[in-house]
Amino acid sequence: MEGNYIGLFVQDMDVVMTHGARSHVEFNFLCNLSVCEYYDNILVRFNVQPSIRRSSIHIYLDRSMSHQELLEIFDQQLRDWPVLDVQELDRRHLIEAALNAAAYLLSSMPPRHNVLVFPLIIDIVSHRAVAMEEPDFGMVPTRDSSIESLNITTAKEEQSCPICLEDFDLGCQVVSMPCSHVFHEECIKMWLRYSHYCPLCRFEMPTNNC
Amino acid sequence: MSAVNSYTQDRNPNTNTTAAESPAPAPSKQPVPTAKTVDTQSVLRRLQSELMALMMGGDAGISAFPEEDNIFCWKATITGSKDTVFEGTEYKLSLSFPPDYPFKPPKVKFETSCFHPNVDLHGNICLDILQDKWSSAYDVRTILLSIQSLLGEPNTSSPLNTVAASLWENQEEYRKMVEKLYKQSA
């Protein structure tokens, strides 16, 4: 669950082009940080961090640098990149991606528009699992095989599911527990992954421990 | 290469650190990993249906309503039952629902201080149905009714408030204490 997602986006609509010799490329990096927090794999919070850092890299192309040389320049410039938890490999990928984007845009430029400013936006999204107090509340799940072998029937009478509180559609798939209590198949299967008791009468289903 | 990196690459084999030629979708729209996921819509429907039932039901001595802009947080009130030491007092509570409600219980707290063996000084409640005895068939109404009856029938064998637990035997003194603290908090 925990980890970073890093995306580098080129907003090509905003690439600034001016007339002149093709001599100068400026990369404007903008870093957006955000944190996604998950609880049990469910996104519960999405925070955009206030810290946004800009950094510009100027490259004079008439020096006809090699790809390797360009990489070095980028690497130096982004050495102190302030992003949280960015691993070295991710940083390398970012630089490569920025160069590839630049190469693509340069090759597709009309010939007389030669001085370029590339706004490059890096979105770094941190994914974190958050723990809540007593995450399982001492509940013991039902054994998987017992969930799979539940008796599935179709809804007959006008009743509602005690879990989602919604009425059964006539003929929809429902589960009749060994204690005869009836629930939507999805609802009861989800519940039994948390608990081994019937929600209505506390009839005990088998657990992995017995 | 760390585990974090391999995670990133496994999940986003095509989008990880790639340059897009056109504005790319916002990363917030990345699909959420699926496992034991509960559909938010169904949680909302369930909470709305509970709210309707509460408003139609008209149970005496309990009420609950969502906060202005967040249906996952409710404010509730409970009045002390007749013929108990809590008669004539009213307590505010807060309920916050987990994203996988009703498969997990809401967190319920007293917001008004409550002198009770099973309520601590921060308003936390020790009640089995809000913990290991939780059932997905319980709802706000049954929770509030349970707390209301807990007021008059505390479990003094494992108290959070030991002072309240030891005073419980003397109902007359207890009543005086409840009245005194209730006036202070009001």
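First, a word on scope: everything that follows refers to the structure included in this document. This structure is a prediction, so every number in the text was calculated from the model and none was measured.

Brief notes about the overall build of chain A
Secondary structure assignment for chain A yields 4 helices and 9 strands. When the helices and strands of chain A are read in sequence order from the N terminus, they spell out β-β-β-β-β-α-α-β-α-β-β-β-α. Out of the 210 residues in chain A, the part that is buried amounts to 46%. Long-range contacts, defined as pairs at least 24 residues apart, comprise 65% of the intrachain contacts of chain A with a sequence gap of at least 6.

Notes on helix α2 (residues 40-57) of chain B
Residues and elements named next belong to chain B. Here α2 is 18 residues long and its end C-alpha atoms lie 25 Å apart, about the 26 Å a rise of 1.5 Å per residue gives. Looking at the buried side of α2, the elements it contacts are β2 (62-67), β3 (70-79) and α3 (140-152). Just downstream of α2, Gly 58 is the residue with a positive phi angle, here 60°.

Section: the sheet that holds strand β5 (residues 107-110) of chain B
Residue and element names in this part refer to chain B. Spatial strand order, β2-β3-β4-β5: 4 strands in an open sheet with antiparallel pairing. The sheet is open, and its two borders are formed by β2 and β5, each paired with just one other strand. The sheet shows a mean angle of 25° between the axes of neighbouring strands, direction not considered. Summarising the sheet, β2 and β3 pair through 6 bridges and their orientation is antiparallel. What sits directly across from Glu 67, in β3, is Asn 70.

Points about α3(B)
Residues and elements named next belong to chain B. Helix length check: α3, at 13 residues, gives a terminal C-alpha distance of 19 Å against a target of 18 Å (1.5 Å per residue), a fit within 8%. Among the residues of α3, Val 140, Ile 143, Leu 144, Ile 147, Gln 148, Leu 150 and Leu 151 are the ones counted as buried. For α3, the angular spread of buried residues about the axis comes to 160°, placing them on one side. Contact partners of the buried residues in α3: α2, β2, β3, β4 (90-96) and β5.

The rules behind these values
Residues numbered from 1 in each chain as written. Chains lettered and ligands numbered in written order. Predicted model: local features only at pLDDT ≥ 70, side-chain atom pairs only at ≥ 80, totals over all residues. Heavy atoms only, no water. Helix = DSSP H or I, 4+ residues; strand = E, 2+ residues; numbered from the N terminus. Buried < 20%, exposed > 50% of the residue type's maximum accessible area, 1.4 Å probe, protein only. Contact = heavy atoms within 4.5 Å. Expected span 1.5 Å × (residues − 1). Pairing = 2+ DSSP bridges. Axes fitted to C-alpha atoms, helices over the stretch in contact; angles between N-to-C directions. Arc of directions from axis to C-beta.

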